[in-house]
Each structure stands twice: as C-alpha cells, then as structure tokens.
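# Geometric and topological summary
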Amino acid sequence: MDIYLIAVGNRMPGWIQQGYQEYARRISGELNLKLVEIAPGSRGKNADIARTLQAEGDRMLKAIPKGCRVIALEVDGRAWSTRQLARKLGGWLEAGSDLALLVGGPEGLSESCRQRADGQWSLSPLTLPHPLVRVVISEQIYRALSLLRNHPYHRG
C-alpha cells in the first residue's frame, strides 16, 4: 500500500526534511509513505488569495493517483486517537487501495479538495505550522503501524 502525502509547500527547512524522512524510512516495507510537494502560489502584497488557493487545489487534485482513498487534513476534521488511527490504517491495508492525504498551505485547502475527500482528519484543534504537519503525520502513521504490528515503539 502507498500513502501519498500531498502537501502544499517546498523548500522545507532541513530539520523538517530529516524528521519526515526518518519516519518514512521506518515505515517502508508493506507500506510506503510518499511525499508529493505542490508548489505554493504567490502570496505577495496584492495576491488574489482565492485564486491562489484554487490553483493550489487544482494541482493537488491532479497529483492524486487513480484509485486512492482521499483524506483531507482539516482543523475541523475528525480527531482520531492513536488506536483509532491504527484501526483505520488496518482497514485501509486490508482494503488494499492506496491513500492520499491532502495538506493545504497557509490558508488551508480549496473547497474542491474538501469536496473530493472521502473524509477529514484533524491532527489537533491547534493550528500547526504546515511544514511540521509532515513530521507529525509521518510519526503518527509509524506509531499506528507499530501498534498494529505489536512493535514496542508505541507503549501508550
């Protein structure tokens, strides 16, 4: 199974890249976490933010591989405990279809991305820096997989 983390933003700080890559490496095997970076639109002084958001959304939707279940990362989405995420991950693995996780830019996701999503997941009611979300998602997927496989990483 492949999980595509489709995220707006590029040129991340080294510590973000290292954190994400560490957990993506640990996950690889029966499950592969693949980062797809979407170039952010212009957010200059006179930028048309609505148009920028829609263009980012269009690029995200085009990046979703065929047959993927799509989950939008949204602050108003459903919060899952680690055990709930592990159960969901187990179901996704059994179903055999790939998964796309959509992470928007500073203004979030376009309406078209939210409409395309099969579900919405909230990591926290807090607003997290978008680069950090990559690290949190990769760690939580690793933790959920560890729980499914009775690996000692998750001791909660």
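Below is a short write-up of the structure. (Residues numbered from 1 in each chain as written. Predicted model: local features only at pLDDT ≥ 70, side-chain atom pairs only at ≥ 80, totals over all residues. Heavy atoms only, no water.)

This part is about the packing of helix 1 (residues 14–27) against helix 5 (residues 130–148). Contact geometry of helix 1 with helix 5 gives a least axis separation of 9 Å together with a crossing angle of 20 degrees. Compared by their axis directions, helix 1 and helix 5 come out roughly parallel. Here helix 1 runs over helix 5; the crossing is left-handed. Contacts from Trp15, Ile16, Gly19, Tyr20, Tyr23, Arg26 and Ile27 in helix 1 reach Pro131, Leu132, Arg134, Val135, Ser138, Glu139, Ile141, Tyr142 and Leu145 in helix 5. For the contact of helix 1 with helix 5, the residue count by class is 11 nonpolar, two polar and three charged. (Axes fitted to C-alpha atoms, helices over the stretch in contact; angles between N-to-C directions. Helix = DSSP H or I, 4+ residues; strand = E, 2+ residues; numbered from the N terminus. Parallel < 35°, antiparallel > 145°, perpendicular 65-115°, else oblique. Left-handed = near helix turned anticlockwise from the far one by under 90°. Contact = heavy atoms within 4.5 Å. Nonpolar A, V, L, I, M, F, W, Y, C, P; charged D, E, K, R; others polar.)

Moving on to the state of the cysteines. All told, the structure shown has zero disulfides when counted by the stated rule. With no disulfide of its own, Cys113 lies closest to Cys68 among cysteine sulfurs, the gap being 14 Å. (Disulfide = S-S within 2.5 Å.)

Next up on the list: the nonpolar core. Ile3, Leu31, Leu89, Leu101 and Ile141 are the most contacted members of the largest nonpolar core, which has 29 residues in total. Mapped onto this core, the elements with two or more residues apiece are strand 1 (2–8), helix 1, strand 3 (69–79), helix 3 (82–95), strand 4 (99–103) and helix 5. Ranked by residue count, the leading element in this core is helix 5, at seven residues. Ignoring sequence-local partners within four residues, the contact set of Ile141 consists of Ile3, Ile27, Leu31, Leu33, Leu85, Leu89 and Leu101. (Core = buried A, V, L, I, M, F, W, Y, C linked by side-chain atoms within 4.5 Å. Buried < 20%, exposed > 50% of the residue type's maximum accessible area, 1.4 Å probe, protein only.)

These figures come from the coordinates and say nothing about function on their own.
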